[in-house]
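# Examining the three-dimensional arrangement
Single-letter residue listing:
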Amino acid sequence: MRPVWKWAIGVAVSLLVILFLANWYVNYRLKPRLEAQLKERIHDGTDGRYRLTYEELNLSLFRGSATATGLRLVPDTTAKSRRPAAGTTYQARVGRLRISGFGVLRWLLFKKLYIGTIALDTPSVTLLRHPQSDTMAVDTAAASPLAKLTEVVSHIRVNRIRLREGQLQVEEQGNAARLQVQGIQTTLRDLRIDSASLRDTTRLYGAESIELQARGLVYLRPDSLYLLQTGPLHFQTDARELTVDSLRYGITVSKAEFYRRVRRAEDIPDIEISRMQLAGIEKASWVNRQLLAAASLHIDSGHIAIYKDKTQPNPPENKIGKSPHQQLLKLEQRLAIDSVSIRGVDVRFTEVSDKTGKAGTVTFDQTDGVFRNVSNDSAALARDRYMRLHARSRVMGTGDLTVDFRFDLLDSLGAHTYSAKLGGMDGTVFNRMITPQLNLEIERVDIKGMRFDMKADDRGTGGTLQLDYEKLKVIFLKEGNDGGMAEKRVFSFLANRFLLNDSNPDANGVRHTGNIYIERPSDFSFFKMIWRSIREGTKECIGLPAP
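Residues numbered from 1 in each chain as written. Predicted model: local features only at pLDDT ≥ 70, side-chain atom pairs only at ≥ 80, totals over all residues. Heavy atoms only, no water.

## Things to note about the nonpolar core
Convention followed: What is meant by a nonpolar core is a set of buried Ala, Val, Leu, Ile, Met, Phe, Trp, Tyr and Cys residues, joined one to another through side-chain atoms within 4.5 Å. Accessible area is worked out with a 1.4 Å probe on protein chains only. A residue is then buried under 20% of its type maximum, exposed over 50%, and partly exposed in between. The secondary structure listing takes helices from DSSP runs of H or I that are at least 4 residues long and strands from runs of E that are at least 2 residues long, numbered from the N terminus. Residue contacts follow a heavy-atom distance rule, with two residues in contact if any of their heavy atoms lie within 4.5 Å.
Residues Phe-430, Phe-452, Leu-465, Leu-467 and Leu-472 are the most contacted members of the largest nonpolar core, which totals 80 residues. Here this core gets eight residues from one element, more than from any other, and that element is strand β22 (residues 440-456). If we skip the residues at most four places from it in the chain, Phe-430 touches Val-395, Met-396, Met-425 and Ile-447. In this structure, Leu-225, Tyr-226, Val-253 and Phe-258 belong to the second largest nonpolar core, which totals seven residues.

## Regarding the confidence of the model for the chain
Just so we agree on the cut-off: The predictor attaches a confidence to each residue, called pLDDT, with possible values from 0 through 100.
Across the chain, pLDDT averages 85, with 82% of residues at or above 70. Long-range and interchain partners of residues 6-18, a stretch whose pLDDT sits below 50, account for two contacts in this model, where long-range means more than four residues apart. Segment residues 134-143: pLDDT under 50, and 10 contacts once partners within four positions in sequence are set aside and those in other chains are kept.

## Topic: unusual backbone geometry
In this model, Asn-504 is joined to Pro-505 through a cis peptide bond whose omega is 0°. Relative to the helices and strands, Pro-505 is located in the loop between α9 (489-499) and β25 (513-519). The residue Asn-373 is not glycine, and still its phi comes out positive at about 60°. Mapped onto the elements of the fold, Asn-373 is located in strand β17 (residues 359-375). A residue is classified by how much of its surface remains accessible, and Asn-373, at 14% relative accessible area, is buried. If you check the backbone angles, Lys-471 has positive phi at about 60° while not being a glycine. Counting through the fold element by element, Lys-471 comes out in strand β23 (residues 460-479).

## Examining the pairing of β23
The cut-off we apply is this: DSSP bridges decide pairing: two strands pair if at least two such bridges lie between them.
Pairing between β22 and β23: 14 bridges, direction antiparallel. Within the sheet, the bridge partner assigned to Asp-453 lies in β23 and is Thr-464. Strand direction decides the pairing type here: β23 and β25, joined by seven bridges, are antiparallel. Bridging across to β25, Thr-464 finds its partner in Asn-515. Pairing analysis gives three bridges linking β23 to strand β24 (residues 485-487), with the strands arranged antiparallel. Paired with Glu-479 across the bridge in β24 is Met-485.

Printed below as a string of structure tokens:
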């Protein structure tokens, strides 16, 4: 064998021996000290509130990797913090953590951390929120975790972070609120943590791209009366979209039990949406201003049902300033969505009359609509102060209805306008709403069309309503001796013969128009004012006197 080969083999063997000894030294001599330092840093970094435990930790200099199993971050109940208790307590578990491609030399020489892959298997995080108190002050001077990290390491770069089968649970102490997210799968690519990357508007939280999936989300309200559930969720920064499948929101108890608990005539919503997609999400707006800006939100098929039992107590409540566009402005989260489109959604309103005890229902089937400029952001509203809605629907599954709303988002009194046009239809279908409410039945009427235009704000609603129809005949009802409904024959005859206009225009060619102005009582909601304006305008058209 030539001397040069002997030298080469000798050097290679020597390097292997050195690496073997170094790896042995790291695992059996240095690792205990590293473990102690790591636990101490976690304990000190959380001001004594948390401690880190794990079942096993393995380090390998050959591969530049570390593997830990059974990791747990739990509150340290034996230690006393130097600061007031935090508003949230955390518990975290990771079945297996593997770090590979660790750049040891860069870390030792330049304090720059380069990692190939970080993989977390079956991580679980539980957050318990505590009620805030006077002694539970928020430390606003404390730096964020990322800011603290950049103080220790000048630069961090991770090619990929992969999280598999994760779980998140958030609870609130003192009430029933609970949020659960199951089956979380997340991949972050090219994560960089330094002062420049965290301000980079092409990145989100320092990552070039983020993809997140979850099997579903469940949220229980603090009063335990409502539950929100979703199917699969998918968020992807490259596609700039968030998709949620199968959203469901409704009460957790029967209607009777619900009213027994709330003891008031409160609306009960039941909402089911097949699919929602937020598209064109702007990362720069979120990074710079924490503004949720997007090009569009699509809501595809489903139903929205509202039920209200007015036989329940109805204590006075001031509803001024609580119209939908005014509530939008009060949201803590800033929004700027160019358009919100609704497709194929059935809407149903059911109300149990406090006079008859019976339920009347009105439906708007296969509703399609588009909101424009859905925003509470001052910069967006400086460019366009109006939110608009154009929608089409089938009233009671029969009449073609088109409506247009315009909301002034900068008006202090919540100014808005709305107009509608209803096509021809058989008016007897409205008996499903009118008869249970008023003990009145429409025997026949051919509606040729209806149109109204209204201006409204917190003070009241004014406008005109035009209803064209033919062959109107109604029956006034009373409760019979057998418990059923019987006709008030004399009253019905007199009303049809002398009181009501059987057509509009009437037999003399006179067109009757509803001229409306209603001052808004403080306990009237936004939708009740719309219904009242339509009702009063209709009464004028058919000849009923004002109250």
